[in-house]
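Residues per chain are reported as follows:
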Amino acid sequence: MSTLDLSRYAFAGGENAAPIENLSSLPAEDQERLVLAGIDVNDHSVSGAFMQLNHAGVHCETRQEGLELMDIRAALKKYDGLPRYFWQLLDPEKDEYTRLTREHCNGGYFVRARKGVKALQPVQSCMFIKGDGAGQSIHNIVIVEEGAEMHVLGGCATAHNAREVAHLGITEYFVEKGGKLTFTMIHNWSETAAVRPRSAGRVEAGGEFQNNYILLKPVGDLQMYPGMRLVGEGAVARFNSVIVAPEGSHVDSGNRIDLDAPHTRGEIISRVVTTGGEVINRGFIGASATPAKGHLECKGLILGGGRMHAIPELDSNQDGVELSHEAAVGKIAQEEIEYLMARGLDEDEAAATIVRGFLNVEIMGLPAPLKKAMDAQIALLQAHKGM
């Protein structure tokens, strides 16, 4: 795994932006960057909205009773350090990135759906970086209490002229008995951004967790491996990923699910396309209880160069466990192109149809502008079909 020289970035003493009462007042160029990270600042139907700009939480509002949303620093003060949640699922000594975030936490959010609350519209959370050499180290806590439901739509982006920036993001997820959490994360970084998320979660009996991750644009160096432990009977976890790695991008990404209670189920589905970038695609499902079921699917498509390394892992010593995996790396098959051309498509249309089908992971609740951006990205991939 690649390491970063963290001394190159300003994690303290950087820009401390003023509050922004109305996100629609952001400059048009910033709004455009945020849309490609799944954040529509003009969408007033969301259940809540939070925005962090460099080291400052500049916007925070909730629109539903029983939904709590605030800057993590305010939550730590209000709840005496959040002893049940803060650094409970991740070891702050795990690596240099967790250590720095513990020492120089400059933001993040605390969001909680109270017992039985159904947040029908997404909660928007945005992490935005402006300026050259900026470093952002944040810690998020996401809680779904017993029987509650919530969808968090998280977007991370850099301004169009931000260069040589770093983002360190700690996120801890807690899904209580019978709760349901959908967490959709969309990244829109720059070619020189270094990104180190560190995430972990716990799901109790009958709870459900679904994580959707989308990366369509270049990133300098991304490394992440979120893990989810299913600790209660009947808990379920699913990870869906859609990643495109253009030339110059280095992506080391994966997911881990531990089935630690009976009748738990886990699924990891990843679709990765490289058009010149380097990708390490990891996945792990382990079972320590029975019965349990897990399926891992890592598939990669190489268009016009690049390198892809798939590492699927399954682990159990229990009778009655059903774990399976599929892993494949390759390019568009000529016979698939010819098959579609024989049915009336031209060569580019055939290639686009195949790529669109390859990236078609069902992801809940994506806004229309993001769906449009995904289609535009697929259209660009035609030039790299690599036949």
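Higher on the page you've got the structure.
Residues numbered from 1 in each chain as written. Predicted model: local features only at pLDDT ≥ 70, side-chain atom pairs only at ≥ 80, totals over all residues. Heavy atoms only, no water.

Peer 1: Outline the pattern of salt bridges, supporting the account with residue identities and numerical values.
Peer 2: Evaluated as defined, the whole model comprises 20 salt bridges. The shortest N-O distance in the salt bridge between Arg114 and Glu68 comes to 3.5 Å. One end of the pair, Arg114, is in the loop between β4 (109–113) and β5 (123–129); the other, Glu68, is in strand β3 (residues 67–71), with 46 residues separating them in the sequence. Its relative accessible area of 33% is what places Arg114 among the partly exposed residues. With its nearest N and O atoms 2.8 Å apart, the salt bridge here joins Asp95 to Arg198. Linking Asp95 in the loop between α2 (72–78) and α3 (96–103) with Arg198 in strand β10 (residues 194–203), this pair joins segments that are 103 residues apart in sequence. (Salt bridge = Lys/Arg side-chain N within 4 Å of Asp/Glu carboxyl O. Helix = DSSP H or I, 4+ residues; strand = E, 2+ residues; numbered from the N terminus. Buried < 20%, exposed > 50% of the residue type's maximum accessible area, 1.4 Å probe, protein only.)

Peer 1: Tell me about unusual backbone geometry, and name the residues and values.
Peer 2: With an omega dihedral of -5 degrees, the bond running from Thr290 to Pro291 counts as a cis peptide bond. Phi at Trp87 is positive, roughly 60 degrees, even though this residue is not glycine. Relative to the assigned elements, Trp87 resides in the loop between α2 and α3. By relative accessible area, which is 12% here, Trp87 ends up buried.

Peer 1: Describe the environment of Gly305, and please don't skip the residues or the numbers.
Peer 2: Within the fold, Gly305 resides in the loop between β18 (292–302) and β19 (307–316). Judged by its relative accessible area of 33%, Gly305 is partly exposed. Separated by 132 residues in the primary sequence, Gly305 and Tyr173 place their C-alpha atoms 37 Å from one another.

Peer 1: Can you tell me about the packing of aromatic side chains, naming the residues and giving the values?
Peer 2: Tallying each qualifying case throughout the model produces 8 aromatic pairs. Centroid distance Tyr85 to Phe174: 4.9 Å. Interplanar angle 80 degrees. Geometry classified as edge-to-face. Here Phe174 lies in strand β8 (residues 166–175) and Tyr85 lies in the loop between α2 and α3, a separation of 89 residues in the sequence. For Tyr85, a relative accessible area of 6% translates into the label buried. With 6.1 Å between their ring centres and 65 degrees between their planes, Phe86 and Trp87 make a pair best called edge-to-face. The residues Phe86 and Trp87 share a single accessibility class, namely buried. Aromatic ring contacts, followed pair by pair, group Tyr173, Phe183, Phe209 and Phe239 into a single cluster. Seen from the ring of Tyr79, Arg112 lies directly overhead, with NZ or CZ sitting 5.2 Å from the centre. Above the ring of Phe284, the side-chain terminus of Arg256 is found at 3.9 Å from the ring centroid. (Phe/Tyr/Trp six-rings, centres within 6.5 Å; stacked < 30°, edge-to-face > 60°. Lys NZ or Arg CZ within 6 Å of the ring centre and 35° of its normal.)

Peer 1: Describe the pairing of strand β6 (residues 135–144), and please don't skip the residues or the numbers.
Peer 2: The element β6 is extensively covered by neighbouring structure, given that 10 of its 10 residues are classed as buried. Here β6 shows a buried face lined by Gly135, Ser137, His139, Ile141 and Ile143 and a second buried face lined by Gln136, Ile138, Asn140, Val142 and Val144. The pairing of β4 with β6 spans 4 bridges and is classified as parallel. For Phe110, the partnering residue across the bridge sits in β6 and is Ile141. Here 10 bridges tie β6 to β8, and the two strands are oriented parallel to one another. From the neighbouring strand, Ile143 faces β8, where its bridge partner is Phe174. (Pairing = 2+ DSSP bridges.)

Peer 1: Explain α3 to me, and be specific about the residues and the numbers.
Peer 2: Because an α-helix packs 3.6 residues into every turn, residues spaced three or four apart end up facing the same way. Turning to α3, its buried residues number three or more, namely Tyr97, Thr98, Leu100 and Thr101. Buried residues of α3 fall within an arc of 165 degrees about the axis and therefore sit on the same side. Here the buried face of α3 lies against β6, β8, β10 and β12 (221–224). Looking at where α3 begins, the residue whose side-chain oxygen comes 3.0 Å from the main-chain nitrogen of Tyr97 is Asp95. (Arc of directions from axis to C-beta. Contact = heavy atoms within 4.5 Å. Polar contact = N/O pair within 3.5 Å; in protein donor to acceptor, adjacent residues only side chain to side chain.)

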